[in-house]
Amino acid sequence: MDEIKNAMRAKDTVALEALRSIKSELLLAQTASGNKEEISADDEIKLLQRLVKTRKESARIFTEQNRPDLAEPELAQIAVIEKFLPAQLSEAEVEAVVAKIIAETGASGIASMGKVMGLASAQLGGTAEGKTISTIVKKLLT
């Protein structure tokens, strides 16, 4: 709420739009669960990651259609939303964690991908995108 107020004072429409969408999604998630309790921090992170993912996809489509005027606000909103996410790990750090999981489980071959992905996603939580984890798991298992 404080960030929304700051964006209103600064007349930053892009940040304001991004922050309002975060607030809206949080309220929808809370009411959808049917309980009046707060949603968990993990659920909040997943929700924010989903917002970032949809905006990245929109920006990609707008760029492909040669519409930078529509892509720029999407990219600006991504920057605002990412302030509320935990710091993302680099690919090298993700690869180290995935390699450790593969060594611990003795996984080999692409058939073990689901098991490794489950463990890696649980361990890395909101610090890495699922697509990045998937790419690294495939690379290390082949």
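Here, the structure is the one placed above.
Definitions and limits used
Residues numbered from 1 in each chain as written. Predicted model: local features only at pLDDT ≥ 70, side-chain atom pairs only at ≥ 80, totals over all residues. Heavy atoms only, no water. Core = buried A, V, L, I, M, F, W, Y, C linked by side-chain atoms within 4.5 Å. Buried < 20%, exposed > 50% of the residue type's maximum accessible area, 1.4 Å probe, protein only. Helix = DSSP H or I, 4+ residues; strand = E, 2+ residues; numbered from the N terminus. Contact = heavy atoms within 4.5 Å. Salt bridge = Lys/Arg side-chain N within 4 Å of Asp/Glu carboxyl O. 1 Å grid on protein atoms, 1.4 Å probe; cavity = no way out; pocket = protein on both sides within 12 Å on 5 of 7 lines; lining within 4 Å. Points joined across faces, edges and corners; volume = space filled by probe spheres on them. Nonpolar A, V, L, I, M, F, W, Y, C, P; charged D, E, K, R; others polar.

Colleague: Teacher, can you tell me more about the nonpolar core here?
Modeller: One broad trend across soluble globular proteins is that nonpolar side chains are buried collectively. Judged by nonpolar contacts, the single largest core of 16 residues is most densely connected at Val94, Val98, Val116, Ile133, Val137 and Leu141. At the level of secondary structure, the elements contributing two or more residues to this core comprise helix H5 (91-105), helix H6 (113-124) and helix H7 (130-141). Non-local contacts of Val94, meaning those with residues more than four positions away in its chain, are made with Leu89, Leu124, Ala128, Ile133 and Ile136. Core analysis: the second largest hydrophobic core is formed by 15 residues, Ala18, Leu19, Ile22 and Val52 among them.

Colleague: What should I look at first to understand the pattern of salt bridges in this one?
Modeller: Close approach of charged atoms allows side chains of opposite charge to pair. Throughout the structure, instances matching the rule amount to 5 salt bridges. Between Arg60 and Glu57 there is a salt bridge, and its shortest N-O distance comes to 2.3 Å. In this pair, Arg60 and Glu57 are both assigned in helix H3 (residues 41-64), 3 residues apart and thus about one turn of the helix distant. For Arg60, a relative accessible area of 38% corresponds to the partly exposed category. On the basis of relative accessibility, which here comes to 37%, the residue Glu57 falls in the partly exposed class.

Colleague: Explanation requested: the environment of Val52 in the structure shown.
Modeller: Turning to its location among the elements, Val52 is positioned in helix H3. Separated by 33 residues in sequence, Val52 and Leu85 have C-alpha atoms that sit 9.9 Å apart. If we skip the residues at most four places from it in the chain, Val52 touches Ile78, Ile81, Glu82 and Leu85.

Colleague: Any chance you could explain the layout of surface pockets here in plain terms?
Modeller: With a probe scaled to a water molecule rolled over the atoms, the places where space remains empty come into view. Here the largest pocket is characterised by a volume of approximately 710 Å³. Lining the largest pocket we find 25 residues, and of these Gln49, Lys53, Ala128, Glu129 and Gly130 sit closest to its centre. Contributions of two or more residues to the lining of the largest pocket are made by H3 and H7. No other element matches the 10 residues that H3 contributes to the lining of the largest pocket. Broken down by class, the residue content of the lining of the largest pocket amounts to 5 nonpolar, 9 polar and 11 charged. Of the pockets and cavities examined, the second largest pocket occupies roughly 360 Å³. Those elements giving two or more residues to the lining of the second largest pocket turn out to be helix H1 (2-10), helix H2 (13-32) and H3. The element best represented in the lining of the second largest pocket is H2, accounting for 6 residues. Here the residues of the lining of the second largest pocket sort into 11 nonpolar, 1 polar and 4 charged.

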